[in-house]
Structure formats: C-alpha cells, structure tokens
Amino acid sequence: MITIAFIKKEIMETWRTRKILILVIVFFIFGILNPLTAKLTPELLKMSLKTTIPFPDPTSLDSWLQFYKNISQMGLYLFAIIFSGTMSHELAKGSLTNLLTKGLQRRVVIFSKGFVLFGQWLLSIGLCFIVTLGYTHYYFPDNKSPHIWLALWPLFIFGLLLVSLLLFTSTMINNNFGGLLGTVIVMIIFNLINLYKGAVNYNPISLVSKNLTIVKDDTKFFDLWPSMCITVGLAIGLLYLTVKLFDRKKL
Amino acid sequence: MNNAQLLLDNLPLLIPLVILEFGLMIAAVVHVLKHPQYRFGNKVLWLVIVIFFQIIGPVFYFMFGRGETA
Amino acid sequence: MNMLELKGVTKAFGAKSVLKDLNLIVPQGSIFGFVGENGAGKTTTMKLILGLDKPDTGTIFVKGQQVNFGQTATNQVIGYLPDVPEFYDYMTATEYLQLCGEITKIAKQERAEKIETMLQLVGLPNNKHRIKGFSRGMRQRLGIAQALLNDPELLICDEPTSALDPEGRHDFLQLLTRLRGKITILFSTHILSDVQTVCDEIGILHHGQLQVTDTLTNLKKTYLKPQIALTFQDIAQAKAGQQLIINELALIGEVQENKLLVSYGSDYKTASQKILSLLLTHDLVPLAFNQVEPTLEQIFLQVMQS
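Here the structure is a predicted model, which means the values were calculated and not measured. (Residues numbered from 1 in each chain as written. Chains lettered and ligands numbered in written order. Predicted model: local features only at pLDDT ≥ 70, side-chain atom pairs only at ≥ 80, totals over all residues. Heavy atoms only, no water.)

Asks: I would appreciate a short explanation of the pairing of strand β13 (residues 259–263) of chain C in the present structure.
Replies: Strand residues, when the strand is regular, have side chains that alternate between the two faces of the sheet. All names here are of chain C. Most of β13 sits inside the fold, with 4 of its 5 residues counted as buried. Relative to β13, strand β11 (residues 227–231) runs antiparallel, the two sharing 5 bridges. Across the sheet, residue Thr231 finds its bridge partner in β13, namely Lys259. With 5 bridges joining them, strand β12 (residues 252–256) and β13 adopt antiparallel strand pairing. Looking at β13, one finds that Gln256 is bridged to Lys259. Linkage of β12 to β13, two consecutive antiparallel strands, is achieved through a turn of 2 residues, within which Glu257 is found at a positive phi near 55 degrees. (Buried < 20%, exposed > 50% of the residue type's maximum accessible area, 1.4 Å probe, protein only. Helix = DSSP H or I, 4+ residues; strand = E, 2+ residues; numbered from the N terminus. Pairing = 2+ DSSP bridges.)

Rendered as structure tokens:
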C-alpha cells in the first residue's frame, strides 16, 4: 500500500513538473527525425556534391539505423538529463525527511522511483518506435526490416541498467548533475571495453548498438544473451547498492 | 527532384517536427524571460543555449537552469 | 512511563563534538521545553531521536523501544515538525496530507474526514492551491497538520515558532496547550517566552549536556532573584547610582547602558522605598522605575555562566 502511495506521488511529480511532457515531446521529435534523416541524407549529399551519379534510394533499414543511432547517442542522455536529480534533488531539499519520519521505508523510495523511471523509459522508447514505425511504413514500404520488434527488446533491457545507474549516482552524488555524470562515465567505460573485440557480446552497450543487425537477422538476437544477462545482473547489483547506500545516508 | 517537390513530399514529417521543436524552444525562451532567477548562468547565456541548441538546449535549461521558484 | 529516554548520547561532527553524554527523560503526557542557544545541538538531538542520524555512543528509547538508525519502527508513534518543513510544491495541501495519511496507514474511510479536521485545526483552506504559492506561515501550518495527522503519541517540534508572525505564534502555542495531557510534546526553541507559556518541564542544553531539567516553578525558585530596573538619563548617572547602592545599601546593582538593575532580597515595597529615597537625596532622579518581570532569560544566562 505504501509503495503504491509513493508510486502515485512519483507519477504526479513527473506529470505536474512536466517532465513527462518534455519526455514525450523529445522522443516524438526523434521519431520524426529518424525517417526524415534517412530520406534527406541522399538528397543532401547529391546537392552538396553537385553530382548526378544516382545514389541508392533509402530503405526502411536507413530509417531504423537512425532510430537506434538517435536513441543510443541522444535519447539515452536526454533521459539521463531529465532524471539526473531524481534522488539528489529530494535529498538536498529535505522533502523526503518528512515522509521517512512517518514510517516510509527507505528502500520503498528507491523501488518506487525505479519502477516509475523504467515505466517512463518504456514509454519514451515505445513512443519513438511507434512514430518511426508509422512514417517508415508510409515512406519506405519495403520488407528489408523484418525483425524490428525483436530488436527493440535489448533496448528495453538496457533501460533497467540506465534506471539503476541514475538512482545510484543521484543518491551518491549530492548534485543535480550526478545522474548525468554517472551515465556519461559508464557509457565511456563501456565504449572503452568495446575496443577489445572479444567483449562485444558481453558488453551492455551492445544492447543499444547492435540492434540493426537483429533487424536484419533475428538469429543475431541470441548472440546478445551474455550481454543481456550481464546488464540485468549489473542493474540488480546497482539497485541493491543504492538501497544500502541510501540506508546509510544521514538526513 | 526539385526543391519544392522535396519540401512538399516531406511535409507530413516537417510540419509536426517544426511545431514540436519550435514549441519546445518558444516555451523555454518564454520561461527564461519570465523567470530571471537561474540556478547558474544569466539570461543571455540561457537564451543562446535554448535557441541555438535544438532539443537538448531547452531540456537542459528546464532541468538544470531554471530556478527553484519556477 | 517515560515516553522518551536518551542515555549517554554523544555525537560529534568531525572534530566538533555537539552532544557529550546527553541524558534526557521526557515523561508521558508532559510538554517538555528544550532550550538552548543556536547551534547547541537541539536539531541534532531530534534527528537522532527520529533515526535520521546515528549517535556515536549511547542509546535512545521511544516508548520503551530502542531507536535504530535508518529504521522507522519507532517513528510510527512520532509526529515531527522540522524547523523548515519541506513539501512537494506541485501538490495541494490536501494531496500532501493524503500522501502522509497513506504512508501512516490511516484507513481509507477515515482519511478524508481526518484531513478535513486537520486543515480546520491549523486554519488552512481545503482548496486547489498548490503548496508552491504558500507563505512561510502557511507552510508551518501545513507542517503542524502533517505532524498531527496520525495522532502521534510523541510530537517533536523543532523551533516551531521562530518563523511565525506574532499571531501565528499565538495560535500555535494555543494549539499546543490544547494538546496538553493528550500527547507528549518535545519542543525546542530559543524563544524563552514560548516555553514559559506552555511547557511543564524545561531542559537547558548547553555544552552538549542538559545543564538543568526541572519544572518551571522549581527553576524560578532556584535561579530567579527579584529585580528593580531604574532608567536614567545616561550611563554616567546609572553608574553613579550603582556606586551609591553598593556602598550605602550593600545591594547588588548591574548597569546595562543607561539602566540600573538592582537585585533585592527583601520585599518590593521596603526595597524600593530605600533605593528611591537614597537616590533622591543625592539628586539622582530616575526617568523610570519598575519591577522586572522575572524571565527565563535570567535562568538561562545563569545556567550558561555556571
């Protein structure tokens, strides 16, 4: 019951502070940009190179390439910016103190926030996906992207890690930039790990960078099993650490 | 394909895109002007960020720039 | 039974030790005034009681149950009013109390009625205004409402009156008086007149320890000396008067700017007659002459000096 009450509070917060509105606008924009970029890139190249050599016509694959590029290079960080201070803001302001002294358990705060954050990640990705899907069907009615639904799953799973990471860093660092900073640092680490080719299928970052190969070939999905397991494991571990960290926090 | 036709062909994409991007930008510009208390930076800095950095500029302002009494 | 008991509690922040072997007992049903200058450790003590911070040594019991840092079991009988209550600005007062009610597990059927009663009690309207636009006083009222919502057995208020205007202060003290006997109240302040108005028992925190705990009447008996205040035209006159009183009457006189405070042992009438006639024969005419209302300030200052 208390968990539900706090989840309701979190939903009200994201609604009334217009975070969710910003999220919807931003991911809707990306949804439009994906097919548009796919469509315009050859035209722009033609114009700027002033050549008459025919470029291959863009396909649905180009649109989905943009989708995964935009999510992994922009969307993810915008999500981190929007929820960067989810814990630190409340800790700095002292708004949680009141509720904790009423018997609200500290871990309930973490779990409820995590739940609502993950819901919003699903919403953002889902919305962006639907918009991209609609336009892609309209502009590129081909069958070159057979497995778009399957390729979406790794993205959802990566969200678990992103949410845990935001909770952990914004609990640890008493600053609104904490969550963003943590996300950036971890993404840099993941990219460095990828320099070692053998690690690719184990690296969580593959869940947001290898999706296009799944769109083309569904058997590639299973190559990512180790990476999915590691991501879920890391997410759970971080969530556990966040609870421990918050329990020790003096308010 | 000439430019006019290119534009016409892409209208279903361009119209909502322009509405959303400008909507976000205008909302941020209005907010910057109406609430001159920022967590850091000044009015000119935030106007530049909000107008010239599409999407990320307004989001950055709304999350980090706007003052507590927003 | 004791509602609250602190045994040998110490707490230091880095090299600065705030509480040194603090012992405190608040009996059930009393209103306990927790007095001390700013930075004496009043807020720290409260945070320890609430399990928001961890004492370095010592134990704390609320209603016989030990308080553990980070745990909230003992909080269920406590209502807490922080010095600056922080809420969620995007909620209305009713919505905030609703959230508090759900957290403290008030049954759904009772909740709406209870919230309504609380809002009336503290004088906040039940409307759609968000907390964002609330004044300092309104926030304090909401703070009281949330602290009392779950019928706590122990109410802890941290400097509740310091931010209120005189009217709000009066209302708040009235409210505390109405709660007398129903619940136990621990009430920190540095405004001594507040304590005088409502408290049964007073503890003075100084140098990390309770220097004194007693009832107001007993404290007055032990520490208060009756005084007469004489106001002169300037300091020179006041000092001249002081010399006379010390030399001729063997009384203790203290000069504060152009005021002369005389402590007397006998009754007011004889003392004032003696002092006045002495001064008049020496051509020293005071501008004002009055009996000093005994205040806790004096007790407080004496305790701090000793």
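That was the structure; now back to the text.
Asks: Any chance you could explain the layout of surface pockets here in plain terms?
Replies: The space that makes up the largest pocket amounts to roughly 1,100 Å³. Listing elements by their share of the lining of the largest pocket, those giving two or more residues are α1 (2–16), α2 (19–49), α3 (60–82), α4 (88–93) and α6 (106–139) of chain A together with α2 (11–34) and α4 (56–65) of chain B. Partitioned by chemical class, the residues of the lining of the largest pocket number 18 nonpolar, 13 polar and 13 charged. Lining of the second largest pocket is provided by 16 residues; of these, C:Gln227, C:Glu254, C:Gln256, C:Leu261 and C:Gln298 occupy positions nearest its centre. The residue makeup of the lining of the second largest pocket, split by class, is 5 nonpolar, 8 polar and 3 charged. (1 Å grid on protein atoms, 1.4 Å probe; cavity = no way out; pocket = protein on both sides within 12 Å on 5 of 7 lines; lining within 4 Å. Points joined across faces, edges and corners; volume = space filled by probe spheres on them. Nonpolar A, V, L, I, M, F, W, Y, C, P; charged D, E, K, R; others polar.)

Asks: In this structure, what is going on with the nonpolar core? I would like to understand it.
Replies: One recurring pattern in soluble globular proteins is that nonpolar side chains are buried together. Residues A:Phe67 and C:Leu4 are the most contacted members of the largest nonpolar core, which totals 177 residues. By residue number, the principal contributor to this core is helix α7 (residues 148–172) of chain A, which donates 14 residues. If near-sequence neighbours (up to four positions away) are discounted, C:Leu4 is found in contact with C:Leu24, C:Ile25, C:Val26, C:Ile49, C:Ile60, C:Phe61, C:Val62, C:Leu154 and C:Leu186. C:Ile245, C:Leu260, C:Ile275 and C:Leu278 belong to the second-largest nonpolar core, a separate cluster that totals 14 residues. (Core = buried A, V, L, I, M, F, W, Y, C linked by side-chain atoms within 4.5 Å. Contact = heavy atoms within 4.5 Å.)

Asks: Explain the packing of α6(A) against helix α11 (residues 225–248) of chain A to me, please; I cannot follow it from the model alone.
Replies: When two helices pack together, you describe them by how their axes are tilted relative to each other and by the distance separating the axes. Residue and element names in this part refer to chain A. Where α6 contacts α11, the two axes come as close as 9 Å, and the packing angle between them is 140 degrees. As far as their axial angle goes, α11 and α6 are oblique. Classified by chirality, the crossing of α11 by α6 is right-handed. Contact with α6, carried on its side by Arg106, Arg107, Val109, Ile110 and Phe111, involves Leu239, Thr242, Val243, Phe246 and Asp247 of α11 and no other residues of that element. Across the contact of α6 with α11, the residue classes break down as 6 nonpolar, 1 polar and 3 charged. (Axes fitted to C-alpha atoms, helices over the stretch in contact; angles between N-to-C directions. Parallel < 35°, antiparallel > 145°, perpendicular 65-115°, else oblique. Left-handed = near helix turned anticlockwise from the far one by under 90°.)

Asks: I keep staring at the side chain of A:Lys113 and nothing clicks. Help me out?
Replies: Residues and elements named next belong to chain A. With respect to the helices and strands, Lys113 occurs in helix α6. Residue class for Lys113 comes out buried when judged on its relative accessible area of 0%. Polar side-chain contacts of Lys113 include one of 2.9 Å to the side chain of Glu90. (Polar contact = N/O pair within 3.5 Å; in protein donor to acceptor, adjacent residues only side chain to side chain.)

Asks: Can you walk me through the UniProt feature "transmembrane region" (unreviewed entry) in chain A in this structure?
Replies: UniProt annotation of "transmembrane region" (unreviewed entry) refers to residues 20–38, 67–87, 108–135, 147–168, 177–196 and 224–243 of chain A when read in the numbering used here. Between the first and last C-alpha atoms of residues 108–135 of chain A the distance is 41 Å; the span itself is 100% helix and 0% strand. (UniProt positions renumbered as here; feature names shortened; annotations may be inferred.)

Asks: Hey, could you run me through a nonpolar patch on the surface in this one?
Replies: Residues and elements named next belong to chain B. On the surface, Leu7, Leu8, Leu11, Ile15 and Ile19 cluster together into a nonpolar patch covering about 490 Å² of accessible area. For the nonpolar patch, the secondary-structure elements that each account for two or more residues are α1 (3–9) and α2. Mapping Ile15 onto the fold places it in helix α2. Taking the relative accessible area as the measure of exposure, Ile15 reaches 45% and is therefore partly exposed. (Patch = residues over 30% accessible without salt bridge, like charges linked within 9 Å, V, L, I, M, F, W, Y side chains within 5 Å. Areas by Shrake-Rupley, 256 points an atom, 1.4 Å probe, with all protein chains shown as cover. Salt bridge = Lys/Arg side-chain N within 4 Å of Asp/Glu carboxyl O.)

Asks: Explain the packing of aromatic side chains here, please?
Replies: Both the distance between ring centres and the angle between the ring planes are used here to describe each pair of aromatic rings. All chains considered together, the criterion is met by 26 aromatic pairs over all chains. Following the ring pairs from residue to residue traces out a cluster consisting of A:Phe177, B:Tyr38, B:Phe40, B:Trp46, B:Phe60, B:Tyr61, B:Phe62 and B:Phe64. (Phe/Tyr/Trp six-rings, centres within 6.5 Å; stacked < 30°, edge-to-face > 60°.)

Asks: It is not clear to me how helix α8 (residues 178–193) of chain A should be interpreted in this structure. Could you clarify?
Replies: Quick reminder: α-helices carry 3.6 residues per turn. Residues three or four places apart thus point the same way. When the terminal C-alpha atoms of α8(A) are compared, their 23 Å separation across 16 residues agrees well with the 22 Å that a helix rising 1.5 Å per residue should span. Buried residues of α8(A): A:Gly178, A:Gly179, A:Leu180, A:Gly182, A:Thr183, A:Val186, A:Met187 and A:Phe190, and no others. For α8(A), the secondary structure elements touched by its buried residues are α3, α7 and α11 of chain A together with α4 of chain B. (Expected span 1.5 Å × (residues − 1).)

Asks: Explanation requested: the sheet that holds strand β14 (residues 288–291) of chain C in the structure shown.
Replies: By way of backbone hydrogen bonds, the strands of a sheet pair with one another, either parallel or antiparallel. All names here are of chain C. Pairing is antiparallel across the open sheet formed by 4 strands, whose spatial order is β12-β13-β11-β14. In this open sheet, the two edge strands, each paired with only one partner strand, are β12 and β14. Taken pair by pair, the neighbouring strands of this sheet meet at an average axis angle of 20 degrees, ignoring direction. Across 4 bridges, β11 lies against β14 in antiparallel orientation. Bridging across to β14, Leu230 finds its partner in Phe289.

Asks: So what exactly am I meant to see when it comes to the interface of chain B and chain A here?
Replies: Many descriptions give the size of an interface as the accessible area lost when the pieces come together. Counting residues at the interface gives 24 residues for chain B and 28 residues for chain A. Approximately 2,400 Å² of surface area, both sides summed, lies buried where chain B meets chain A, with 79% of it carried by carbon and sulfur atoms. The largest share of the area that chain B buries against chain A comes from B:Leu13, B:Met63 and B:Phe64, three residues that together contribute 26% of it. Put simply, chain B and chain A have 1 salt bridge between them. Between A:Lys39 and B:Asp9 there is a salt bridge; the shortest N-O distance is 2.9 Å. At the boundary of chain B and chain A, one finds 4 residue pairs in polar contact (both at pLDDT 80 or more). With 8 residues, α2(B) is the largest single contributor of residues to the side of chain B that touches chain A. Taken together, the residues of the side of chain B that touches chain A break down into 17 nonpolar, 2 polar and 5 charged. (Buried area = accessible area lost by both parts, 1.4 Å probe.)

Asks: Looking at this structure, I do not really get the sheet that holds strand β5 (residues 65–66) of chain C. What am I missing?
Replies: All names here are of chain C. In space, the 4 strands of this open sheet follow the order β2-β1-β4-β5, with antiparallel pairing throughout. Of all strands in the sheet, those bounded by a partner on one side alone are β2 (16–27) and β5. Against the sheet, helix α1 (residues 42–49) contacts β1 (2–13), β2 and β4 (57–62), and its axis sits at roughly 120 degrees relative to β1.

Asks: Would you mind showing me how to read the UniProt feature "domain: Cardiolipin synthase N-terminal" (unreviewed entry) in chain B here?
Replies: Following the UniProt record, the feature "domain: Cardiolipin synthase N-terminal" (unreviewed entry) maps to residues 24–66 of chain B here. Strand forms 0% of residues 24–66 of chain B and helix 72%; the C-alpha atoms that close the span are 15 Å apart.

Asks: Explanation requested: the state of the cysteines in the structure shown.
Replies: Chemically, a disulfide is nothing more than a covalent bond linking the sulfur atoms of two cysteines. Residues and elements named next belong to chain C. A complete count under the given rule lists 0 disulfides over all chains for this structure. There is no disulfide at Cys100, and the cysteine sulfur nearest it, in Cys157, is 15 Å away. The class for Cys100 is buried, based on a relative accessible area of 0%. (Disulfide = S-S within 2.5 Å.)

Asks: What should I look at first to understand the pattern of salt bridges in this one?
Replies: When charged atoms on two side chains of opposite charge get close, those side chains can pair. Residues and elements named next belong to chain C. The full count for this structure, using the stated rule, is 20 salt bridges over all chains. Between Asp53 and Lys11 there is a salt bridge, with the nearest N and O atoms lying 3.3 Å from each other. With Asp53 in the loop between α1 and β4 and Lys11 in strand β1, the pair connects residues that are 42 residues apart, well separated along the chain. The pair Asp53 / Lys11 is uniform in exposure class, with both members buried.

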